[in-house]
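# Working through the structure, step by step
The residues making up each chain are set out below.
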Amino acid sequence: MIGVVILMLTIPIHWLSAWLIAAAVHELFHCVGVYLCGGRIYNIRIGLHGAKIETSSLSRGKEILCLLLGPLGSLSLLTLSSHYPRLSVCAALQSAYNLLPLPNLDGGQALHRILQILFPAPYSQKICKIIQYVTMTAIIMLCIYCSVQWKLGILPILLAVIFLMRYGQIKIPCKHGHYRVQ
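Residues numbered from 1 in each chain as written. Predicted model: local features only at pLDDT ≥ 70, side-chain atom pairs only at ≥ 80, totals over all residues. Heavy atoms only, no water.

With that settled, the discussion passes to the packing of aromatic side chains. Per the stated rule, a full pass over the model turns up one aromatic pair. When the centroid spacing of 6.2 Å and the interplanar angle of 65° are considered together, the rings of Tyr145 and Trp150 count as edge-to-face. Residue classification places Tyr145 among the partly exposed residues on the basis of a relative accessible area of 43%. (Phe/Tyr/Trp six-rings, centres within 6.5 Å; stacked < 30°, edge-to-face > 60°. Buried < 20%, exposed > 50% of the residue type's maximum accessible area, 1.4 Å probe, protein only.)

Quick look at the structure:
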């Protein structure tokens, strides 16, 4: 709760509202995808770390579609860039972030389900973990590079530390019908 108060006091209301609208459209597209695929939504929980949508079981193909519809919904807001540039920036950043192949993000969950279709379970999990570690390492190296090359100080390194704390423990969700979107 304190984090929300700090955000509201430090982020200009125009940017905060653009971020909230982009997040709402993102989640709406996930929900529309579930309904179009014949699924049911049992529960939606929204918190500081994103939203968690609990659904009925869907086939892997339908789950992949529903997972990728959220970022697609965010990207659809780019068509409004001439009228609402803040909204477009927030939507583009949310899409890029959510498509990262990391656990609990749409990209990571979609990647895991695609690999489950292509490979037996032990191999798909190993490949998924390797891709996730490579992605985390690349992001951390990028933060360090930005800190040194562009003389941005310690901020990019702090972002890398926060990133490591959040995704340091990689767990691949295995339950069908439950996925977390951000």
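It is worth spelling out helix H2 (residues 13–36) at this point. Because an α-helix completes one turn every 3.6 residues, residues spaced three or four positions apart along the sequence face the same direction. For H2, built from 24 residues, the straight-helix expectation of 34 Å at 1.5 Å per residue is met to within 8% by its first-to-last C-alpha distance of 34 Å. Within H2 the residues assigned to the buried category are Leu16, Ala18, Ala22, Val25, His26, Glu27, His30, Cys31, Gly33 and Val34. Looking one or two places after H2, you find Gly38, whose phi comes out positive at around 85°. (Helix = DSSP H or I, 4+ residues; strand = E, 2+ residues; numbered from the N terminus. Expected span 1.5 Å × (residues − 1).)

Another aspect to go through is the state of the cysteines. Evaluated as defined, the whole model comprises zero disulfides. You can see Cys66 has no disulfide; the closest cysteine sulfur is in Cys37, sitting 3.9 Å from it. Residue classification places Cys66 among the buried residues on the basis of a relative accessible area of 0%. Take Cys143: it sits in no disulfide, and the sulfur closest to it among the cysteines is that of Cys146, at 6.6 Å. Overall, the relative accessible area of 13% leaves Cys143 in the buried class. (Disulfide = S-S within 2.5 Å.)

In terms of nonpolar packing, the biggest core is built from nine residues, these being Leu102, Leu105, Met136, Ile139, Ile140, Cys143, Ala160, Phe163 and Tyr167. Elements with a minimum of two residues in this core: helix H6 (121–149) and helix H7 (155–167). When residues in this core are grouped by element, the largest group, four residues, is from H6. (Core = buried A, V, L, I, M, F, W, Y, C linked by side-chain atoms within 4.5 Å.)

In this structure, Asn104 takes a positive phi of about 70° despite not being glycine. Secondary-structure assignment places Asn104 in the loop between helix H4 (85–98) and helix H5 (106–118). You will see that Lys151, though not glycine, has its phi angle at about 50°, which is positive.

Look at helix H3 (residues 60–76): 24 Å from first C-alpha to last across 17 residues, which is about the 24 Å you get at 1.5 Å a residue. Its maximal kink placed at Leu69, H3 deviates by approximately 30°, while the proline Pro71 follows within four residues. (Bend = angle between axes of the 7 residues up to and from the residue.)

The subject of this paragraph is the pattern of salt bridges. Counted according to the given criterion, the structure contains two salt bridges. Notably, a salt bridge pairs Arg45 with Glu54, separated by 2.1 Å at the nearest N-O pair. A salt bridge links Glu63 to Arg113, with the shortest nitrogen-to-oxygen separation between them at 2.3 Å. Pair noted here: Glu63 is in helix H3 and Arg113 is in helix H5, with a separation of 50 residues, a long-range link. (Salt bridge = Lys/Arg side-chain N within 4 Å of Asp/Glu carboxyl O.)

Note on placement: Gln94 falls in helix H4. A distance of 3.1 Å separates a polar atom in the side chain of Gln94 from the backbone oxygen of Trp19. Beyond its immediate stretch of four places on either side in the chain, Gln94 contacts Trp19, Ala22, Ala23, His26 and Ser74. (Polar contact = N/O pair within 3.5 Å; in protein donor to acceptor, adjacent residues only side chain to side chain. Contact = heavy atoms within 4.5 Å.)

Once that is clear, we can look at the environment of Leu65. Structurally, Leu65 is set in helix H3. When its relative accessible area of 45% is taken as the criterion, Leu65 is described as partly exposed. Linking Leu65 and Cys37, residues 28 residues apart in sequence, is a C-alpha distance of 8.7 Å.

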